[in-house]
Amino acid sequence: MIHAQTYDAATTSVIWSPGQDYVVLGRGEEYNTKRTIVDGKTGRPLATLPDAWNLIAIAPDGRYILASQHRTSGFSVFSASGQQTKTLTPRANVTSMRLTPQGDKALVGLADGSVEVFRTSDWTPVHVLDGHRTEVIDIDVSADGTLAYCVSHDARLFVWELTGFRNIYRLNLDPEVVWVVPDPRQEQVFTISTSGIMDARPLGSLAPHQLSDAYLKPLVCKIPRAIRKETPTTVRCDEAATR
């Protein structure tokens, strides 16, 4: 253990920056969450963000934090010291957010089923990914920043190229799926449902003509309900865990 620090007993979530330089602690109910920025190396609290935010994305180098409230009209950009530097208003209410691992793009999922892409160097909107019929509930990005994975309450997964903004996969899902996590090798995508089921779906094995509206039989793994996406977790899928 490098250091120990006692925080408010009501802390309910922990989100690390990719470089582990900063951690954002959440306190309170799901839709009324106060966020405290903490130095990841010393454990020292740096700032508490104003208002309550339940959607958070942290830049890879920890220089800025995106914050929004689910189904509000915009999102804010904060420095690591907690200073609000910018507020942006996408085309519809915000329902999810994700930064690319390189930090060059912010993907903002919206209530109208689209994902608006912002260039983080000047926070200019550069593209809109249209396809879902209902709100985008989760977004993830491949490790190299080239693919975006989006799921919606319409029970579909869309995979987009972030270079030409082309849709390359469109998969039918269990209606209870709420999270999506790509395989770093881009061979599989993991989807997690509210019932605690994780599906591992192979993508790289498909031929190009099979990439549209494909339904793939997944490997299915049970995971504890207590696991949340903010906590890195490895779940092994093997024959014993499949249906």
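These remarks concern the structure in this document. In this text, all values refer to a predicted model and were calculated from it rather than measured experimentally.

A few words on the sheet that holds strand β8 (residues 84-88). Overall, antiparallel pairing links the 4 strands, which are arranged β5-β6-β7-β8 in an open sheet. On the outer flanks of this sheet lie β5 (55-58) and β8, each paired with one strand and no other. When the angles between neighbouring strand axes are averaged without regard to direction, this sheet yields 20°. As paired strands, β5 and strand β6 (residues 64-68) are joined by 4 bridges and run antiparallel to one another. Along β6, the bridge assignment pairs Ile 56 with Ala 67.

Among the nonpolar cores identified, the biggest contains 17 residues, and Leu 66, Phe 75 and Trp 123 are the most heavily contacted of them. Put simply, the parts of the chain that give this core at least two residues each are β5, β6, β7 (75-79), β9 (94-99) and β10 (105-110). Excluding residues that lie within four positions of it along the chain, Trp 123 makes contacts with Tyr 64, Leu 66, Phe 75, Val 77, Lys 86, Leu 88, Ala 106 and Phe 118. By size, the runner-up hydrophobic cluster in this structure holds 14 residues, among which are Val 151, Ile 168, Tyr 169 and Val 189.

With that settled, the discussion passes to the pairing of strand β12 (residues 124-129). Direction of pairing for strand β11 (residues 115-119) relative to β12: antiparallel, over a ladder of 5 bridges. Paired with Val 117 across the bridge in β12 is His 127. Once β11 ends, the chain turns through 4 residues before running back antiparallel as β12, passing Trp 123 with a positive phi of about 60°.

The tally for this structure, following the rule as stated, stands at 5 aromatic pairs. Pairing Tyr 64 with Trp 123 gives two aromatic rings, centres 5.4 Å apart and planes at 85°, and the pair type is edge-to-face. Highlighted residues: Tyr 64 in strand β6 and Trp 123 in the loop between β11 and β12, separated in sequence by 59 residues. Each member of the pair, Tyr 64 as well as Trp 123, carries the same accessibility label: buried.

Following the sequence through the fold, Ala 47 ends up in strand β4 (residues 45-48). We classify Ala 47 as buried; its relative accessible area is 15%. Expressed as a C-alpha distance, the spacing of Ala 47 and Ser 79, which sit 32 residues apart in the sequence, is 9.8 Å. Non-local contacts of Ala 47, meaning those with residues more than four positions away in its chain, are made with Arg 35, Thr 36, Ile 37, Ser 81 and Gly 82.

Below, the discussion takes up the side chain of Ser 193. Checked against the element boundaries, Ser 193 lands in strand β18 (residues 188-193). Not counting the four nearest positions on each side in its chain, Ser 193 is found in contact with Glu 176, Val 177 and Val 178.

With antiparallel pairing, the 4 strands of this open sheet are ordered in space as β13-β14-β15-β16. Edge positions in the sheet fall to β13 (136-141) and β16 (167-172), since each has one partner strand and no second. Pairwise comparison of adjacent strand axes, ignoring direction, gives a mean angle of 15° for this sheet. Summarising the sheet, β13 and strand β14 (residues 147-152) pair through 5 bridges and their orientation is antiparallel. Bridge pairing in β14 places Val 141 opposite Ala 148.

Moving on to the environment of Phe 190. With respect to the helices and strands, Phe 190 occurs in strand β18. When the C-alpha atoms of Phe 190 and Pro 202 are compared, they prove to be 8.9 Å apart, with 12 residues separating the residues in sequence.

Basis of the calculations
- Numbers given for residues are sequential positions, taken from 1 along each chain in its written order.
- Local features in this predicted model are restricted to residues of pLDDT 70 or higher, and side-chain atom pairs are both shown and tallied only at a pLDDT of 80 or more, whereas totals for entire chains, interfaces and linings draw on every residue.
- As a convention, hydrogens and water are excluded, and side-chain values are obtained from all of the structure's heavy atoms.
- Pairs of strands are assigned from DSSP output, requiring at least two bridges between the strands.
- Helix and strand labels come from DSSP, where a helix needs a run of H or I of at least four residues and a strand needs a run of E of at least two; each type is numbered from the N terminus.
- All axes are obtained by fitting lines to C-alpha atoms, using only the stretch in contact for helices, and the reported angles, taken between N-to-C directions, cover 0 to 180 degrees.
- Side-chain atoms within 4.5 Å link the members of a nonpolar core, which is a set of buried Ala, Val, Leu, Ile, Met, Phe, Trp, Tyr and Cys residues.
- For every residue, the accessible area (1.4 Å probe, protein chains only) is compared with the maximum for its type, and the residue is labelled buried under 20%, exposed over 50%, or partly exposed between those bounds.
- Residue contacts are counted whenever heavy atoms from the two residues lie within 4.5 Å of one another.
- Classification of ring pairs rests on two measures: the distance between centres of Phe, Tyr or Trp rings, Trp counted by its six-membered ring, which must be within 6.5 Å, and the angle between planes, read as stacked under 30 degrees, edge-to-face over 60 and tilted in between.

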